[in-house]
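For reference, the chains in residue letters:
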Amino acid sequence: MGIDMATNGTQLPEKQKAAQFNPKDQTVSINEIPIPSIKPHEILVKVKSASLCHSDLMLFEPNEQNLTLGTGAPFTMGHEACGTILQLGSDVQGFEPGDNIGWLPIVDCCYDCDGCQVHNLHCENGTPQVQGMSVDGYFQEYVAIHWRNAAKIPAGMDLSTLAPMFCAGCTAFNSVTDTVAELKGSEPAETWVAVVGCGGLGHLGIQYLKAMGYKVIGIDLSPDALEEAKTQGADHVFNPGTEEDYIAQIKQLTGKGVHAAINYTNSVPAYSSNPSLLRTNGVLMVTGIPQKPLQFSAMDISMNRIRVRGSNNGTTPRLRECLEFSGKYGIKPHLTRYRLEEFGEMLGVMREGRGVGRLGVVFD
Ligand SMILES: [Zn+2]
Ligand SMILES: [Zn+2]
């Protein structure tokens, strides 16, 4: 039972359109579904923008992690979005109708156990699910979310382009802050960080690194992504596809190699070449997730030639830090807009790797 305070007397429509995945035949269609009615722990949000993430493509592919993504009835795709609160369930604390919020997508976890402190997918008490991966996500105008996932958006941020902040943005922010924590003591202006993969995640990672004062090298096989990297402030960019000696060039540029490389790709070859970019005791931050396992030299790791660490989209307290920093430093996702009716076309553009920045739907 919800408290309806913010619909300003206007009735909610009875039905809405949703871009849904059908697990039976792995097709996507625009379906008419009811507006969700919220449970006590839920918030009803009117979505402003929702964007596609590379992980959404996992629905269409077998994966080596043996994750079962979506069984049974069709569900709405999408796990990164933001919008404005319409209704609050009776257990919700700290939010008001009219608040602009973004949120993380994991539900059916407890948010309090040891596992949840690391990542809500590690919950020891629940059976976590990802909205948009097995239960309804956000490519629909009205969504119900768990209040423990929500974070307020600072004033002045544009919600119509902000959806990518809630997966790509917080992942990029966490990967940068986790890297900085490993590099403690080194002066940003004298510290080189390579951003491997300059697309949806990388273009944000570059913005965070530059806002913190680091020297950034962008690496990507796509000339468009390298242009974007330069636009976002990368000091140098390299294309391993056309510059065979790029590792030697980076060694020359940085003296001994980079202090850290943050890999946002899902490419095993991209990861395999990263240790040779790093100086002694350099950090490889594993962020992008290839389907196949990665291999590194145990000698390199045991002898601290390289440090291999991991980072991810994190938990809600970290999302709040990310929003505060992003608002303060004017970090902005680059969003190419589509209408909900164009969802199939947008998905095609992403599958073919033709998109620039992030691709998303903006609701009026
Ligand atoms: Zn994602
Ligand atoms: Zn838990």
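Values in this document were obtained by computation on a predicted structure and should not be read as measured data. (Residues numbered from 1 in each chain as written. Chains lettered and ligands numbered in written order. Predicted model: local features only at pLDDT ≥ 70, side-chain atom pairs only at ≥ 80, totals over all residues. Heavy atoms only, no water.)

Turning to the coordination of the zinc ion (ligand 1), a few remarks are in order. Donor atoms from the polypeptide that bind the zinc ion (ligand 1) are Cys 53 (SG), His 79 (NE2) and Cys 167 (SG), placed at 2.0 to 2.2 Å. Read in sequence order, the donor residues for the zinc ion (ligand 1) give the motif C-x25-H-x87-C. Residue Cys 53 is found in the loop between β4 (42-51) and β5 (75-76), and its partner Cys 167 is found in the loop between β11 (150-152) and α2 (168-182); the two are separated by 114 residues along the sequence. The residues Cys 53 and Cys 167 share a single accessibility class, namely buried. (Donors = N, O, S within 2.8 Å, 3.2 Å for Na, K, Ca; no water. Helix = DSSP H or I, 4+ residues; strand = E, 2+ residues; numbered from the N terminus. Buried < 20%, exposed > 50% of the residue type's maximum accessible area, 1.4 Å probe, protein only.)

Another aspect to go through is the confidence of the model for the protein chain. Close inspection of predicted coordinates is inappropriate for parts of the model with low pLDDT. When pLDDT is averaged along the protein chain, the result is 94; 95% of the residues meet or exceed 70. Across residues 1-6, where pLDDT falls below 50, the model places 15 contacts with residues more than four positions away in sequence or in other chains. (pLDDT = per-residue confidence, 0-100. Contact = heavy atoms within 4.5 Å.)

Attention shifts here to the sheet that holds β5. Spatially, β3-β2-β5 is the arrangement adopted by the 3 strands of the open sheet, whose pairing is antiparallel. A single partner strand is all that each edge strand has here, and the edge strands are β3 (27-34) and β5. In this structure, strand β2 (residues 15-22) lies alongside β5, joined through 2 bridges in antiparallel fashion. Opposite Gln 20, over in β5, you have Thr 76 as the bridge partner. (Pairing = 2+ DSSP bridges.)

Another aspect to go through is the coordination of the zinc ion (ligand 2). The zinc ion (ligand 2) binds to the protein through Cys 110 (SG), Cys 113 (SG), Cys 116 (SG) and Cys 123 (SG), with metal-donor distances spanning 2.3 to 2.4 Å. For the zinc ion (ligand 2), the 4 donor atoms in the first shell make angles of 101 to 120° at the metal, so the coordination geometry reads as tetrahedral. Read from N- to C-terminus, the donor residues coordinating the zinc ion (ligand 2) fall into the pattern C-x2-C-x2-C-x6-C. Taken together, the positions of Cys 113 in the loop between β8 (106-107) and α1 (114-118) and Cys 123 in the loop between α1 and β9 (129-130) put the pair 10 residues apart, joining distant regions of the chain. Across this residue pair, the class does not change: Cys 113 and Cys 123 are buried. (Tetrahedral: all angles 85-135°; square planar, octahedral: opposite > 155°, others 65-115°.)

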